[in-house]
Amino acid sequence: MKKVIPLHSKLDPETRSPGHTATALPTGEALANLPGRWSDGAEQQLLLMQRLIGSNNVDTIASMFFSWCSDLGLADGMTYEAVGDGAELRFGTRRHHSANYTLTLDSMELGRVSLCRRERFSESELLSIEQALGTVARCLRAAIEYQTLESMVNQDSLTGLGNRLSLHKWIERELSRTRRHNSPLALMMIDVDHFKKINDRLGHLGGDHVLRTIANVFKRSTRGSDLLFRYGGDEFTILLPHTDLPGAREAAKQIRANLKRISSEDFGLGEHGEGLRPDVSIGIASYHAGDTESTLLQRADTHLYHAKANGRGAICSNV
Ligand SMILES: Nc1nc2c(ncn2[C@@H]2O[C@H](COP(=O)(O)OP(=O)(O)OP(=O)(O)O)[C@@H](O)[C@H]2O)c(=O)[nH]1
């Protein structure tokens, strides 16, 4: 029969037993005086902690917890449902008996864990799992906080693309990869045409919606390996690793073609309709031996300037 531990199980060590930290590892004299069963348990918990310490990635923590459970025969399969986007990670094999937990720590939601096994879970096994989940919860909280801070530092909050700071980091990384492997690299500078007019007619919030919609077109029009950034205002940069100039020009054409497919309603243009439909100008530079971040950016910017000067809605590059 299916054994299910209800969601909102007593997992938070602070609420599980006030004044008693269920997941705290006994140390020194206290550990020496514990009965064998408990020192075995403490050893297992210590092993888990050693695996988890230093990991600031939610997926890695979930995977390490599952491998710990699996090594101890505590689970054949596991799912972890993250908070926020609800992304689900699956490990091992699905089985009949399950133990389900919602992880919270100090009122912060940390996701749902469901462990499953062919055999029923015994009370002492469930206790071990719950103690371990206390440790996992602390590591998850630190990882989630770390990832939130990291995205605040590197992400543009309006569009979800990388910001200028992360562009700087990625160009450096991709340039050294290109030099090492002698592989092509291209960079696009994109500027929305007459965006001031759009802003003036739709207001700042309407303008923001147009920028977000355009950014989504960039995401859909490029490869998973391409790196997208908002350079600032209505200007964007796309870094295309392993892409030569003809490839980058194709990608730029695809972006403009996909922009044309967006309806006026989706852009939120209201009664202004087609007259206000946004287009973009694109300047492309491909890597030349000796290029640095600034020479690559400068060349793409010069080509963008020519695209603007040529009447906008154009793509310019070095060939
Ligand atoms: N809605 C919105 N507008 C922004 C944001 N950042 C910058 N802008 C506006 O973007 C507009 C950029 O306009 P300009 O740089 O003058 O260029 P343009 O009107 O696009 O003209 P061309 O580039 O020459 O085709 C300005 O009106 C800025 O106020 C933002 O985050 N949201």
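This text follows the structure it describes.
These notes cover the structure that comes with them. Nothing here was measured: the structure is a model prediction, and the numbers come from that model. (Residues numbered from 1 in each chain as written. Predicted model: local features only at pLDDT ≥ 70, side-chain atom pairs only at ≥ 80, totals over all residues. Heavy atoms only, no water.)

1. Focus: the sheet that holds strand β7 (residues 235–241)
Here is the rule we go by: In this analysis, strands are considered paired if DSSP registers two or more bridges between them. Under the scheme used here, helices are H or I runs from DSSP no shorter than 4 residues and strands are E runs no shorter than 2 residues, and both carry numbers assigned from the N terminus. Interaxial angles span 0 to 180 degrees and are taken between N-to-C directions of axes, which are lines fitted to C-alpha atoms, for helices over the stretch in contact. Contacts are assigned to residue pairs with any non-hydrogen atoms lying within 4.5 Å of each other.
Spatially, the five strands line up as an open sheet ordered β6-β7-β5-β8-β9, and their pairing is mixed. Both outer strands of the open sheet, β6 (227–232) and β9 (315–317), are each paired with one neighbouring strand and no more. Averaged over neighbouring strand pairs, the angle between their axes works out to 20 degrees when direction is ignored. Direction of pairing for strand β5 (residues 185–192) relative to β7: antiparallel, over a ladder of seven bridges. Following the sheet pairing, Met189 is matched in β7 by Thr237. Taken strand by strand, helix α6 (residues 164–181) contacts β5, β6 and β7, and its axis lies near 135 degrees from that of β6.

2. What about the packing of α6 against helix α10 (residues 293–309)?
We count it as follows: Each angle receives one of four descriptions, namely roughly parallel if under 35 degrees, roughly antiparallel if over 145, roughly perpendicular if within 65 to 115, and oblique otherwise. In the scheme used here, Gly and all other residues not listed as nonpolar or charged are polar, with Ala, Val, Leu, Ile, Met, Phe, Trp, Tyr, Cys and Pro taken as nonpolar and Asp, Glu, Lys and Arg as charged.
Two numbers describe how α6 lies on α10: the axes approach to 10 Å, and their chain directions differ by 110 degrees. The pairing of α6 with α10 is recorded here as roughly perpendicular in orientation. Contact with α6, carried on its side by Leu167, His168, Ile171, Glu172 and Leu175, involves Glu293, Leu296 and Leu297 of α10 and no other residues of that element. Across the contact of α6 with α10, the residue classes break down as five nonpolar, one polar and two charged.

3. Quick look at the site of the ligand
This is how it is decided: We call a residue near a molecule or strand as soon as one heavy atom of that residue lies within 4 Å of the molecule or strand. Polar contacts, as used here, are pairs of N or O atoms within 3.5 Å; protein pairs need one atom able to donate a hydrogen and one able to accept it. Residues neighboring in sequence count only if both atoms are side-chain atoms. Exposure was quantified through the Shrake-Rupley algorithm and a 1.4 Å probe, taking into account, for residues, occlusion by the shown protein chains and nothing else.
Contacts to the ligand come from 16 residues, most closely from Phe195, Asn199, Asp208, Arg230 and Arg312. Here an oxygen atom of the ligand and a side-chain polar atom of Arg230 are 2.6 Å apart. Relative to its unbound accessible area of 670 Å², the ligand is 66% covered by the protein chains. Of all the elements in the fold, those that place two or more residues in the shell around the ligand are β5 and α7 (195–221). The element best represented in the shell around the ligand is α7, accounting for seven residues. Taken together, the residues of the shell around the ligand break down into three nonpolar, five polar and eight charged.

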